[in-house]
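Given next are the chains, with one letter for each unit.
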Amino acid sequence: MIKTVLFDMGGTLEDIYVDAASEKAAMLKLDAMLRSWGLGPGVDLPELKRRVDAGWARYGVYRDAHNVELKPVEIWCDYILTDFAFPRERLAPHCEEIAHMWEVTYYHRQLRPGVKPMLEGLKEMGLKLGIVSNTAALYQVFDILEEYGIRDYFQDVTLSSVTGLRKPCPDIFQVALRQTQSQACESAYVGDTVSRDIIGSKKAGFGVSIQICSQLTKMKDAGVDPAFRPDYMVGDIFDVLSVIRQVNAAT
């Protein structure tokens, strides 16, 4: 019997993708923000992009090797913008603002059609609902849930930026289970990647794993162990409601 359903955010509840336009918009905003704080990078936009990309690559190597998430101050001061040698005491107060901007500008984001009626159906079943999301900003997920009008459906929102743990580390799933007072065997997890969502939730002991593909799934799942597969796959987020009803009707 499933009593709790936890969701990934980007790629699952919301469509998310990156293109040349969003990359350029993020660089323009970053350049403008730095200049407004008297921290002009002193390079043109292509060079700014090259250095920022290199910084993200450095951070990605560290982050993915340890399944951890650093705080925005550490990410932007020690990895992303370290090539500019900005005084830490001047850059640090602005790092969460940069992180928030990056999450909503570098990525195109839109709530998937069918999310609200799906969540309403799960709520009517009396299920606990929550989110477990990897993010490099402290507040962006909370803010966008409010913008989408779905924040009140969730009893808990567990973020890598807050816990310091990053999917697929099973510990971040365990944090969410404890915060919702749920048992793993009575919980389902819904995500768009095998590499982070399915593997992580299965290692944490979840009773059911559900995958919905996003525009980033293939890239994130490149080289993933073929032994790991979701219990169910859905093409429409609304179908999660049918899966949970089916599982519970069979128990």
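Bear in mind that the values here come from a model prediction, so they are computed numbers and not experimental data.

Caption draft 1: Structural view of the pattern of salt bridges. This model, assessed by the stated rule, comprises 16 salt bridges. With its nearest N and O atoms 2.8 Å apart, the salt bridge here joins Asp8 to Lys167. Within this pair, whereas Asp8 is found in the loop between strand 1 (4-7) and strand 2 (14-17), its partner Lys167 is found in the loop between helix 8 (160-163) and helix 9 (170-179), the two being separated by 159 residues in sequence. Across the pair, Lys167 and Asp8 agree in class, each one buried. Arg35 is the partner of Asp31 in a salt bridge, and the nearest nitrogen-oxygen pair spans 2.8 Å. Here Arg35 and Asp31 lie together in helix 1 (residues 20-36), a separation of 4 residues that amounts to about one turn. A single salt-bridge network, built from bridges that share partners, covers Arg63, Asp64, Glu69 and Arg166.

Caption draft 2: Summary view of the packing of aromatic side chains. Considering all chains together, one arrives at 13 aromatic pairs under this definition. By the ring-pair criterion, three or more aromatic residues cluster together here, those being Trp56, Tyr59, Tyr62, Trp76, Tyr79, Trp102, Tyr106 and Tyr107.

Caption draft 3: Summary view of the environment of Lys24. Tracing the sequence through the fold places Lys24 in helix 1. As for Lys24 and Pro46, which are separated by 22 residues in sequence, their C-alpha atoms are 9.4 Å apart.

Caption draft 4: Structural view of the layout of surface pockets. Its boundaries defined by the atoms lining it, the largest pocket holds a volume of some 810 Å³. Lining the largest pocket we find 34 residues, and of these Arg63, Tyr107, Arg166, Arg196 and Lys220 sit closest to its centre. For the lining of the largest pocket, the secondary-structure elements that each account for two or more residues are strand 2, helix 2 (45-66), helix 5 (95-105), helix 7 (140-148), helix 10 (194-203) and helix 11 (217-220). At 7 residues, helix 2 tops the list of elements feeding residues into the lining of the largest pocket.

Caption draft 5: Molecular detail of the pairing of strand 6 (residues 187-191). The buried count for strand 6 comes to 5 of 5 residues, which makes it a mostly enclosed element. The alternating pattern of strand 6 places Ser187, Tyr189 and Gly191 on one face and Ala188 and Val190 on the opposite face, and all of these are buried. Sheet topology places strand 1 next to strand 6; 4 bridges connect them, and they run parallel. Bridge pairing links Val5 to Ala188 in strand 6.

Caption draft 6: Just unusual backbone geometry, in detail. The amide bond that connects Lys167 to the next residue, Pro168, takes the cis arrangement and shows omega of 20°. Positionally, Pro168 belongs in the loop between helix 8 and helix 9. Positive phi outside glycine occurs at Ala85, with the angle close to 55°. The phi dihedral of Gln181 falls on the positive side, at around 55°, and the residue is not glycine. Relative to the helices and strands, Gln181 is located in the loop between helix 9 and strand 6.

What counts, and at which threshold
- Residues numbered from 1 in each chain as written.
- Predicted model: local features only at pLDDT ≥ 70, side-chain atom pairs only at ≥ 80, totals over all residues.
- Heavy atoms only, no water.
- Salt bridge = Lys/Arg side-chain N within 4 Å of Asp/Glu carboxyl O.
- Helix = DSSP H or I, 4+ residues; strand = E, 2+ residues; numbered from the N terminus.
- Buried < 20%, exposed > 50% of the residue type's maximum accessible area, 1.4 Å probe, protein only.
- Phe/Tyr/Trp six-rings, centres within 6.5 Å; stacked < 30°, edge-to-face > 60°.
- 1 Å grid on protein atoms, 1.4 Å probe; cavity = no way out; pocket = protein on both sides within 12 Å on 5 of 7 lines; lining within 4 Å.
- Points joined across faces, edges and corners; volume = space filled by probe spheres on them.
- Pairing = 2+ DSSP bridges.

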